[in-house]
Amino acid sequence: MRLTVLGGCGAWPTAGQACSGYLVEYDGFRLLLDPGYASMPRLLHHLTVDAVDAVLISHGHPDHCADLNPLLRARGLSDAPPPALPVHAPRGALDAVLALDRPGMLAAAYRLREFDPGDRFEIGPFTVGTRLLPHFVPNAGIRLATPRGVLAYTGDTGPSPDIPRLAEGADLFLSEATYLHRVPDGDAPYLLTARLAGRYAHQAGAARLVLTHLWPGTDPATARETAAELFAGPIDVAVPDLVVAPAS
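Another point: unusual backbone geometry. The phi angle at Ala11 is positive, at roughly 75°, despite the residue not being glycine. On the secondary structure map, Ala11 appears in the loop between strand E1 (2-7) and strand E2 (21-26). The class of Ala11 is partly exposed, set by a relative accessible area of 27%. The phi dihedral of Ala38 is positive, around 70°, even though this residue is not glycine. Of note, Ala38 is situated in the loop between strand E3 (29-33) and helix H1 (39-43).

Looking now at the sheet that holds E2. One open sheet accounts for seven strands, arranged E6-E5-E4-E3-E2-E1-E14; its pairing is mixed. Pairing within the sheet leaves two strands with one partner each, and these edge strands are strand E6 (110-115) and strand E14 (243-244). Pairing between strand E4 (residues 54-56) and strand E5 (residues 85-90): two bridges, direction parallel. By the bridge assignment, Val55 is partnered in E5 with Val87. Across the sheet, helix H3 (residues 68-76) is in contact with E3, E4, E5 and E6; its angle to E5 comes to roughly 160°.

Looking now at the nonpolar core. Within the largest apolar cluster, 27 residues are counted, with the highest numbers of intra-cluster contacts made by Leu56, Phe126 and Leu144. Setting aside chain neighbours within four positions, we find Leu144 in contact with Met1, Val24, Leu31, Leu56, Phe126, Thr127, Val128, Gly149, Val150 and Leu151.

To continue, consider the sheet that holds strand E9 (residues 139-146). Taking strand neighbours across the sheet as the criterion, the seven strands line up as E7-E8-E9-E10-E11-E12-E13 in an open arrangement whose pairing is mixed. Whereas interior strands pair on both sides, the edge strands pair on one side only; in this sheet they are strand E7 (120-123) and strand E13 (235-237). The average angle at which neighbouring strand axes cross in this sheet is 20°, direction not considered. Two elements, E7 and strand E8 (residues 126-133), share four bridges in a ladder whose sense is antiparallel.

Another point: the pairing of E2. With six of its six residues buried, E2 lies for the most part within the structure. Side chains of E2 alternate between two faces, with Gly21, Leu23 and Glu25 and Tyr22, Val24 and Tyr26 buried alike. Both E1 and E2 contribute to a ladder of five bridges, which runs antiparallel. Counterpart to Thr4 in the pairing with E2 is Leu23. In textbook terms, the turn of a hairpin is the stretch between consecutive antiparallel strands, and for E2 and E3 this stretch comprises two residues, one of which, Asp27, has a positive phi near 55°.

In this section: the packing of aromatic side chains. For any pair of aromatic rings, geometry is given as the distance between the ring centres together with the angle between the planes. Considering all chains together, one arrives at seven aromatic pairs under this definition. Plain terms: the ring middles of Phe29 and Phe126 are 6.2 Å apart, the flat faces sit at 70° to each other, and that makes the pair edge-to-face. With Phe29 in strand E3 and Phe126 in strand E8, this pair connects stretches of sequence that are 97 residues apart. The same class applies to Phe29 as to Phe126, namely buried. Judged by centre distance (5.9 Å) and plane angle (15°), the ring pair of Tyr179 and Trp215 falls under stacked. Of this pair, Tyr179 sits in the loop between strand E11 (172-176) and helix H6 (194-204) while Trp215 sits in the loop between strand E12 (209-212) and helix H7 (220-227), and the two are 36 residues apart along the sequence. Members of the aromatic cluster, connected to one another through ring pairs, are Trp12, Tyr179 and Trp215.

Cut-offs and rules
Residues numbered from 1 in each chain as written. Predicted model: local features only at pLDDT ≥ 70, side-chain atom pairs only at ≥ 80, totals over all residues. Heavy atoms only, no water. Helix = DSSP H or I, 4+ residues; strand = E, 2+ residues; numbered from the N terminus. Buried < 20%, exposed > 50% of the residue type's maximum accessible area, 1.4 Å probe, protein only. Pairing = 2+ DSSP bridges. Contact = heavy atoms within 4.5 Å. Axes fitted to C-alpha atoms, helices over the stretch in contact; angles between N-to-C directions. Core = buried A, V, L, I, M, F, W, Y, C linked by side-chain atoms within 4.5 Å. Phe/Tyr/Trp six-rings, centres within 6.5 Å; stacked < 30°, edge-to-face > 60°.

Below is the structure:
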């Protein structure tokens, strides 16, 4: 399994950083995970739009799904459109982004496969386990398993005992870490800190931690040091073109 980061900035993109976007590859299958703002230009540095085999989205906030629209446009409006793209998302999460164009314009470009967080299903060679994790909107924590490894991803979430269960024994734990030590009171039930991400990685027995969804302007080195207070394993911060291969 191979993870390529397209972006890891929370809320909005910056000049050098796209929002959430991850390419997960195994056995020749290319799964695009959470194509948020500005992730598509980064994707095009790695492959053509017709090479994406499926899309999986954790929740409906635009910093996690907005660039599904240009991806579908590039596929559906091309001179030789590829087959319809399987798009997996929580029920209703993509209503807004799929309504950006006139009705029917991109209907042939995708096949929407909605699920409820808690469901388990297959995408290509991946067995996908999901858990409902706390956020402002329904959010699916995601566990991608293959015969050669496990990648766990929080989407966006607040504190929950289900997080270390989601990431138990994972080869790679991709965790949101919007703040360093403390989330502002109003948002505290719905977002994590780098310190909590480190604690959950330790509790889960994860082999490697990647911090993502950092608030714009957060120093990556400080985030890494904060998570390392509670997690002794390798820690990366999601920046464009970071490649992690937790299992071969």
